[in-house]
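Chain and residue survey
Single-letter residue listing:
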Amino acid sequence: MNAPQTKPFKAGDYRSDLTPVWCPGCGDFHVLMSVTRALAELGTAPQDVAVISGIGCSSRIPAYTNCYGFHGVHGRSLALATGLKVARSDLTVMVMSGDGDGFSIGGNHFLHACRRNVDLTYIVMDNRVYGMTKGQPSPTTEPDWDSALSPGGTGLSPFHPLVIALASGANFVAREFSGDIKNSTRTIIEAIKHPGFSFVEILSPCVTFRPDEKEWKNTVHKASVDETDDPARAARRIMTDDGMNVGILYRGNRKPYKAHVSDRIDDMAALESEFAIPPASKT
Amino acid sequence: MNAPQTKPFKAGDYRSDLTPVWCPGCGDFHVLMSVTRALAELGTAPQDVAVISGIGCSSRIPAYTNCYGFHGVHGRSLALATGLKVARSDLTVMVMSGDGDGFSIGGNHFLHACRRNVDLTYIVMDNRVYGMTKGQPSPTTEPDWDSALSPGGTGLSPFHPLVIALASGANFVAREFSGDIKNSTRTIIEAIKHPGFSFVEILSPCVTFRPDEKEWKNTVHKASVDETDDPARAARRIMTDDGMNVGILYRGNRKPYKAHVSDRIDDMAALESEFAIPPASKT
Amino acid sequence: MTTSQTASESVSVAIVGSGGAGALTAGSILLAACGKSGLYGNMNRSVGPQIRGGEAAALLRICSHPVDCMSESYDLLIAIDWNNADRFAAEMPLKPDGLVICDPESGEVPDAIAKTGVSIVEVNMKDLAKEVAGGRENMIALGLAAGVMGLPIESLMAIVSAKLSDKGEHIVEAGRNCIEAGIAQVSSHARSLEIKPPEKQGDGRWLITGNEAAGLGAVRGGVRFAAAYPITPATEILEWLSPALSKTGGALVQAEDELSSINMIIGASYGGRASVTATSGPGLALMIESIGLAAASEVPIVVVDVMRGGPSTGIPTKSEQSDLNIAVYGCHGDAPHIVVAPLSVADCLFSTQWAVHLAEAMQSPAIVLSDQSLGQAHVLIDQPANVAFLAQRKIFAGGQVETYNRYALTADGVSPMAIPGTPGGQYTADGLTHSQKGTPSSKKSDHQDQLDKRRDKIANFDYGNHWADVEGDSDMVIVTWGSMTGAAREAIRKLSAEGVSVKLVALRLIAPFMKDNFLKALEGTRRILVLEQTHSGQFHQYLRAQCDLPAEVRHFHRPGPHLIGPEEICTQIRDWISA
Amino acid sequence: MTTSQTASESVSVAIVGSGGAGALTAGSILLAACGKSGLYGNMNRSVGPQIRGGEAAALLRICSHPVDCMSESYDLLIAIDWNNADRFAAEMPLKPDGLVICDPESGEVPDAIAKTGVSIVEVNMKDLAKEVAGGRENMIALGLAAGVMGLPIESLMAIVSAKLSDKGEHIVEAGRNCIEAGIAQVSSHARSLEIKPPEKQGDGRWLITGNEAAGLGAVRGGVRFAAAYPITPATEILEWLSPALSKTGGALVQAEDELSSINMIIGASYGGRASVTATSGPGLALMIESIGLAAASEVPIVVVDVMRGGPSTGIPTKSEQSDLNIAVYGCHGDAPHIVVAPLSVADCLFSTQWAVHLAEAMQSPAIVLSDQSLGQAHVLIDQPANVAFLAQRKIFAGGQVETYNRYALTADGVSPMAIPGTPGGQYTADGLTHSQKGTPSSKKSDHQDQLDKRRDKIANFDYGNHWADVEGDSDMVIVTWGSMTGAAREAIRKLSAEGVSVKLVALRLIAPFMKDNFLKALEGTRRILVLEQTHSGQFHQYLRAQCDLPAEVRHFHRPGPHLIGPEEICTQIRDWISA
Ligand SMILES: Cc1ncc(C[n+]2csc(CCOP(=O)(O)OP(=O)(O)O)c2C)c(N)n1
Ligand SMILES: Cc1ncc(C[n+]2csc(CCOP(=O)(O)OP(=O)(O)O)c2C)c(N)n1
Ligand code: SF4
Ligand code: SF4
Ligand SMILES: [Mg+2]
Ligand SMILES: [Mg+2]
């Protein structure tokens, strides 16, 4: 199934004909474009790609692609994708999530997917809000953002998903802005190609509940330093940056997860012999 | 209930008469000693302290104290303690966990407890193994540690709980060794006194499933640099240390969680007025 | 209000339009204005899958008496435009003598509607709006509706002023002018849907949703702590509770997930504060392990489950009653607890407040099974009375005893609970099987004793007459629960007008099952119609499991999203009688 | 083996000692040696709350025929020492004519035992051990047991060599010498518990636990992927599967929690590999949300739940059948799925293998309800036959169709499933209500269609005659399920020896409920005794919910940890007959 493609693919080959439920202007439209372009450039046939997600506006993305997809339950996409990739190492497995799905309810799987370092590409469309449930603060929301659930703001500082990824063992860490399709595409390509667990946070504005985020196109800027393969250095940099610098921030050499399932079916007899007790010799 | 104590307390006042189920030589005995000593030194009356835990050998600890305790379900101690502390800010709330309970199944609550920065003291007895279920690897276990579940080792690198804490927003981060009761006691006192979320990882050998850990008393060493209030610096240091340096590593100034419940009961009328529609004037 | 003789007791109105057309705003103002006129009514919103910008419909029913459920068919459809007309046709069927008002500028009347032969009146809403400075077509539509229904213009104007005032006086002005322009169109029409004046004049009405009512019930019951994770269709409970708790000295914590929120409220309640969370099916599923913990460690908590279409993510925005099984049977092991179901929007208040009381009195988890059709319905109700149910826990006062036994065996099964801070009451709460003191134990006697205790405290409690609403007298009985009660009530009223009397037994207390009371209520019954909004018949199976149903039984059930309505129920009964 | 006439068919032995005394090792060797002699038997381990170093007991029953359950009372108690004697007295009552062998050096015979009037023989085990270079008292105890039972010494020596060989030849030697010293003591005793030779001589026996058998059943069924999080008493399944899967080309992933493990297997199975996880009650509770996902998205998975005492953390090391409710009814919404229960240790293999087959054939989750009493029992069984049940999924072969409809409505409700990599089969699996294509939908027709489809595919499947073990013929019937079957079988054998015939209907397929088969099996029945190991009577309620039980019913149930035994069951039947 993984034979090299002769016919070149176009981005459109990776799009289904379903109309997204997204609001006009939602950043996720751009992420969808970047992903399909990246896949086309890589040339992996649509049927050899699986896009796994949870629940949220962002998590609606699998059905908008023409790949295999799984729109699972809220927060569990990384676990589902891990099982899939270990069972089917021949597939390109993308995991696509939101800041609520991925960092709030899904936080534990994030930690352990990084640690396990299975060869997955994890893209989080971070809009610093729960879009689908109509505007509650997420783990990346600013402390003073006003909402019905937290009038006047939560008072909580957003945390650093990229540093958490580094501290947990991710092998590739990047941040992009959805509106910058060119760089997003390039980074997604690199993330897919890099072995082990690759994490790309894409700042993707929620124009409906966070209209202020339309400003992001003016505030993001390229990281001022080059990517590193030293996780400690990368972590320190990210903890002190303004959360708006984009680019590949870390490309590591950590060992990817080893176990996988093969099509080999061995003889069961050896397995069963451990239970056997030979009959007593006649006495 | 929180009136200053006149009579001084002894460590024994914080011990119940229950015999621990722990194996002879288990590091957790020492942690119990350090905790009771720290509480005695602080002088908070036993009834004003709550010790909250999940499931595991280490999590058995609440009933061995003479404080209020909650031995909840596996992995949820931080959530339970958060509710308790917000509802009852007058109590000293300690959360005590193991590396499985706290970092594996409980990983998400760890992230978010750090981020929320409620004034809790979180002590994880890290023995790099699941003791209670008889010896499986945990998120802090070395990649080559052999076990029935992972013959030959998992191949996975342990992750960095202290850096994850820093990246998530914890306000106090320390590592100690259970056998060093003096320093453990001192650090626990500081952790309790420090506002916001304090995290102390105590290396506590599992003599039964990790007899090699008896060697820890020879391998731990004091951190060569002083504590810092810069989380990025602390993170970098910890990511490059050998996992064996002990002491207070970070003492921050992050703002503790603000909401709490008071005994004030306000008039409900104002609350209900929003639903009222005055009757139509006679037409 | 002067009314013609043809005025009716109930008028149902649908206002539809594409995203941004303002159909929902028009509906809200209309409903509130009816309330201000002393009328009753309710409104549901129906929206497409889009997060924003999709088509929307406001579905209203206005009555001169308190209203039990939505209409099955509509008297009046105002179409600001005709986008997604196919969805409307299925969701809001028109009565044969129905009236459609639409704008000729926004496309053809869809076939499905044109074919039915209803009266169709064209009004150039867009043009009329353009004639008003700052005018909008939804306000024209509002005027049309008010005109057709004969609503007093003062009520409308008062509500428009109140609702739009924060947008500036010119917007209010524009609104008023549009409404007047809309009303002016009506006199020229052939047909009117005038509504009778309210039964009780001059009463104060409340306009409230089931979710708000549940939140208020919790606070009235004494809840001062909440923790929750947002989920449709329960989020409004949280969004209402958050400021409400702040104002009453309490707090709401937004948790990272439902595993956390359930444990947060267990912690807060262990600390002595009555606590609540709200969720829907997927969240309830995640809470199940720790609901068992609350049962075993005897910590009172209240979980409001606003049910939606299932299984799995299902249909988040639509109603179903299919979480009955998980609510009653979901825990591993034997973990008896309380399950309560509100029987109407107003009853969301009472039932939740009662659940707080029950949970606290028995130191047990209580689940409130509301659903989307109650939680998100906007309803005009009489101002609810204050009921006396408050959180009142049996507390260990401290100091007097040698050894404090947290889980002491007592006559009623409820053991005095020590609240942290109480000297001499220190104990460790535990989800492991434990002795009376709370020490983990695997002894058969401890296990049996504590299982018996937890069963008995719930089985033997005095639930008064709140276990069910039992109404009427007949040997034909409708047995139902929760939100289905409204449609059943209306059906029974209709049948009674036809001379057919039917008794209602609507269960509010689902677990424990009040077998004796239930069988008593069914004495002399010949026929039982069991009604529920599930695919598999969960309620019917539950009844079967709990008792031998003492009569001939028929069972009418269906999954969501299509709510079972009064007319369908009437048909069931009529068919049975004539069979 | 030469045997006296007084030799019996079944001997039950308990070997007890404090931590480190080696009672469990002695028990294991004894059991294996019996197997080598062609006998049958089983062993349970009982340990205190300590992780290590607490007291321990090996509870064995050795039979000349296949054995169904543990003994309710013991023929022989060998006490290496008397620590925690009170626990023993409650857990392992001695028969009135029982024999106790103990070491006078290690304290007084406890009152509870001395008072019963059993024969007590003192042997200086410690001293005897000291006389052997490297000798240990547990090996002396082993010799004593073997001697009293008249076991052939060759079997013992063969097992000792095999089991201790990796510890060095001197340890083996010491063991042999101790055993001989122990046996030598026996000739001097007054009483012997000789066991009859096996019914079938020369057969190969397997020594296996229920947990190993479940693991093997999964692999035989075609499982090649597992993910799990350790939990007592299910961990051994995982520890067996991990190397077994590596050897057969598969893999086991240790997950961070149960939310993860269930989703990992859903992912792997979506990828086309038959997959399994194993857990116990608390873990099953955490998996419930995603079991609903597997049901809604139609992904086959197998979840083995090794039940323990509940609710909540309960009693992790003891058995109970109280996860029936959550297994059947735990999901939110209507999510029909398969629930299977092994009826014996050996049946753990068949039932798990069958569950894999059923899950794959119907693209549905299947839950296997084993329990601690099956999972952790070590049992000598006949080598199990190979059965033909294999994972066989209805697959979409690719390419031929215009639009591939993953959730197409088909005659049997099962739709061909495209496996990633198949060109033309791309679809998105979804837990939202969806159309046949898989597109999210809130249409009533889609919801109804897909709910019908998922119900029908499971309801209409041909389960053959595996749904239950139906044995014997009588108008008195025992109806039970899962692990209770063993004790019921033995009770029926006993009663039959008394001339009382009782029929057995033991359900293997719990859900869907095979109503027609069940009622057929009960035709002509006058009395039904329902048996289960729960506090609230979950199974009985389930039966009531599913059908009208066509006879007079009595119900005997009890929570763990005290297993319902054959003699108690006999008493129930005898009392009923004589009533
Ligand atoms: C178990 C569970 N809890 C809660 C929800 C409700 N829910 C759906 S999406 C969502 C948040 C999504 O936020 P995010 O991942 O940031 O996605 P966005 O919509 O912002 O793209 C929540 C809380 C759910 N579906 N399941
Ligand atoms: C939901 C759930 N899953 C699994 C378990 C089984 N379990 C009990 S303790 C434990 C691991 C404990 O490890 P750790 O926290 O490191 O404690 P230790 O025993 O090593 O002190 C596990 C997996 C459980 N009780 N509940
Ligand atoms: S609500 Fe926000 S995240 Fe969701 S589709 Fe609209 S703009 Fe995008
Ligand atoms: S198993 Fe390990 S962690 Fe548990 S009590 Fe024994 S030594 Fe301590
Ligand atoms: Mg978001
Ligand atoms: Mg540990």
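All of these numbers come straight from a predicted model, not from anything done at the bench. (Residues numbered from 1 in each chain as written. Chains lettered and ligands numbered in written order. Predicted model: local features only at pLDDT ≥ 70, side-chain atom pairs only at ≥ 80, totals over all residues. Heavy atoms only, no water.)

Observations concerning the site of ligand 1
- In the vicinity of ligand 1 there are 23 residues, among which C57, S58, D99 and D101 of chain A together with E258 of chain C approach most closely.
- Lying at an intersection of chains, ligand 1 is approached by residues of chains A, C and D.
- Between ligand 1 and the protein, one listed contact pairs an oxygen atom with a backbone N or O atom of C57 of chain A at 2.8 Å.
- Taking E258 of chain C, its side chain carries an N or O atom lying 2.5 Å from a nitrogen atom of ligand 1.
- Burial of ligand 1 by the protein chains amounts to 98% of its free accessible area of 590 Å².
- Only α3 (99-105) of chain A together with α11 (281-297) of chain C provide two or more residues apiece to the shell around ligand 1.
- Among the elements that take part in the shell around ligand 1, α3 of chain A stands out by supplying four residues, more than any other.
- The class makeup of the residues in the shell around ligand 1 is eleven nonpolar, eight polar and four charged. (Near = heavy atom within 4 Å. Polar contact = N/O pair within 3.5 Å; in protein donor to acceptor, adjacent residues only side chain to side chain. Areas by Shrake-Rupley, 256 points an atom, 1.4 Å probe, with all protein chains shown as cover. Helix = DSSP H or I, 4+ residues; strand = E, 2+ residues; numbered from the N terminus. Nonpolar A, V, L, I, M, F, W, Y, C, P; charged D, E, K, R; others polar.)

Some details on the sheet that holds strand β6 (residues 119-122) of chain C
- Spatial strand order, β9(B)-β7(C)-β14(C)-β2(C)-β3(C)-β1(C)-β4(C)-β5(C)-β6(C): nine strands in an open sheet with mixed pairing. Looking at which strands have only one partner, the edges of the open sheet turn out to be β9 (276-277) of chain B together with β6 of chain C. (Pairing = 2+ DSSP bridges.)

So, the interface of chain C and chain D
- Listed as interface residues are 57 residues of chain C and, on the opposing side, 57 residues of chain D.
- The junction of chain C with chain D conceals about 4800 Å² of combined surface from both sides, 56% of it contributed by carbon and sulfur atoms.
- Interface area lost by chain C to chain D is led by H332, D334 and H535 of chain C, which between them contribute 15%.
- Remark: the boundary between chain C and chain D carries two salt bridges.
- Between D548 of chain D and R544 of chain C there is a salt bridge, with its nearest N and O atoms 2.9 Å apart.
- Counting across the chain C and chain D interface gives 37 residue pairs in polar contact (both at pLDDT 80 or more).
- Every element with two or more residues in the side of chain C that touches chain D is listed here: α11, α12 (324-329), α15 (444-459) and α18 (538-546) of chain C.
- When residues in the side of chain C that touches chain D are grouped by element, the largest group, nine residues, is from α11 of chain C.
- Class assignment for the residues of the side of chain C that touches chain D results in 20 nonpolar, 25 polar and twelve charged. (Contact = heavy atoms within 4.5 Å. Buried area = accessible area lost by both parts, 1.4 Å probe. Salt bridge = Lys/Arg side-chain N within 4 Å of Asp/Glu carboxyl O.)

Quick notes on the coordination of the magnesium ion (ligand 5)
Residue and element names in this part refer to chain A.
- The magnesium ion (ligand 5) binds to the protein through D99 (OD), N127 (OD1) and V129 (O); the donor distances cover 2.0 to 2.1 Å.
- Along the chain, the residues donating to the magnesium ion (ligand 5) fall in the pattern D-x27-N-x1-V.
- According to the relative accessible area criterion, N127 is buried, its value standing at 9%. (Donors = N, O, S within 2.8 Å, 3.2 Å for Na, K, Ca; no water. Buried < 20%, exposed > 50% of the residue type's maximum accessible area, 1.4 Å probe, protein only.)

As for the pairing of strand β8 (residues 225-228) of chain D
Residues and elements named next belong to chain D.
- Covered by surrounding structure in β8 are F225 and A227 together with A226 and A228, the residues of both alternating faces.
- Across four bridges, the pairing between β8 and strand β9 (residues 251-254) is parallel. From the neighbouring strand, A226 faces β9, where its bridge partner is L252.
- For the crossover from β8 across helix α9 (residues 235-247) to β9, the handedness is right-handed. (Right-handed = clockwise from strand over helix to strand, strands pointing away.)

Points about the domain arrangement of chain C
Residue and element names in this part refer to chain C.
- Annotation of chain C at the domain level lists domain 1 (10-204), domain 2 (207-381), domain 3 (394-462) and domain 4 (464-578).
- Here domain 1 and domain 4 have C-alpha centroids that lie 34 Å from each other.
- If you look at the interface, domain 1 gives five residues, while domain 4 gives nine residues.
- For domain 1, the biggest contributors to the area lost against domain 4 are D68, C69 and E72; these three give 79% of the whole.
- At the boundary of domain 1 and domain 4, one finds two salt bridges.
- Put simply, D68 and R493 hold a salt bridge, and the shortest N to O gap is 3.0 Å.
- The interface formed by domain 1 and domain 4 contains four residue pairs in polar contact (both at pLDDT 80 or more).
- Taken together, the residues of the side of domain 1 that touches domain 4 sort by class into one nonpolar, one polar and three charged. (Domains from an automatic or database assignment.)

Remarks on the packing of helix α8 (residues 210-221) of chain C against helix α13 (residues 345-362) of chain C
Residue and element names in this part refer to chain C.
- Here α8 crosses α13 at 30 degrees, and the two axes come no closer than 7 Å. Looking at the two axes, α8 sits roughly parallel to α13. α8 and α13 meet at a crossing whose hand is right-handed. Contacts between α8 and α13 pair G210, A213, A214, L216, G217, A218, R220 and G221 from the former with V345, C348, L349, T352, Q353 and V356 from the latter. (Axes fitted to C-alpha atoms, helices over the stretch in contact; angles between N-to-C directions. Parallel < 35°, antiparallel > 145°, perpendicular 65-115°, else oblique. Left-handed = near helix turned anticlockwise from the far one by under 90°.)

As for the confidence of the model for chain A
- Looking at chain A as a whole, its pLDDT mean stands at 94, while 95% of the residues score no less than 70.
- Taken together, the stretch residues 279-283 of chain A has pLDDT below 50 and engages in ten contacts with residues farther than four places along the chain or on a different chain. (pLDDT = per-residue confidence, 0-100.)

Describing the coordination of the magnesium ion (ligand 6)
All names here are of chain B.
- Surrounding the magnesium ion (ligand 6) are the protein donor atoms D99 (OD), N127 (OD1) and V129 (O), at 2.0 to 2.2 Å.
- Each donor residue of the magnesium ion (ligand 6) lies on the same chain, and together they follow the pattern D-x27-N-x1-V. One end of the pair, D99, is in helix α3 (residues 99-104); the other, N127, is in the loop between β4 (121-126) and α5 (161-168), and 28 residues separate them in sequence. Neither D99 nor N127 differs from the other in exposure class; each is buried.

Structural notes on the site of ligand 2
- Of all residues adjacent to ligand 2, which total 23 residues, the nearest are C57, S58, D99 and D101 of chain B together with E258 of chain D.
- Flanking ligand 2 are residues from chains B, C and D.
- One nitrogen or oxygen atom from the main chain of D101 of chain B is found 2.7 Å from an oxygen atom belonging to ligand 2.
- Taken together, the elements giving at least two residues each to the shell around ligand 2 come down to α3 of chain B together with α11 (281-297) of chain D.
- Residue composition of the shell around ligand 2, grouped by class: eleven nonpolar, eight polar and four charged.

Describing the relation of the copies chain C and chain D
- When chain C is fitted onto chain D, the two copies agree to an RMSD of 0.1 Å after a turn of 180 degrees and an axial shift of 0.0 Å. Here the copies are linked by what is in effect a two-fold axis.
- Interface overlap between copies is the fraction of interface residues in one copy that are interface residues in the other; for chain C against chain D it reaches 100%, indicating a shared surface. (Least-squares fit on C-alpha atoms with pLDDT ≥ 70 in both.)

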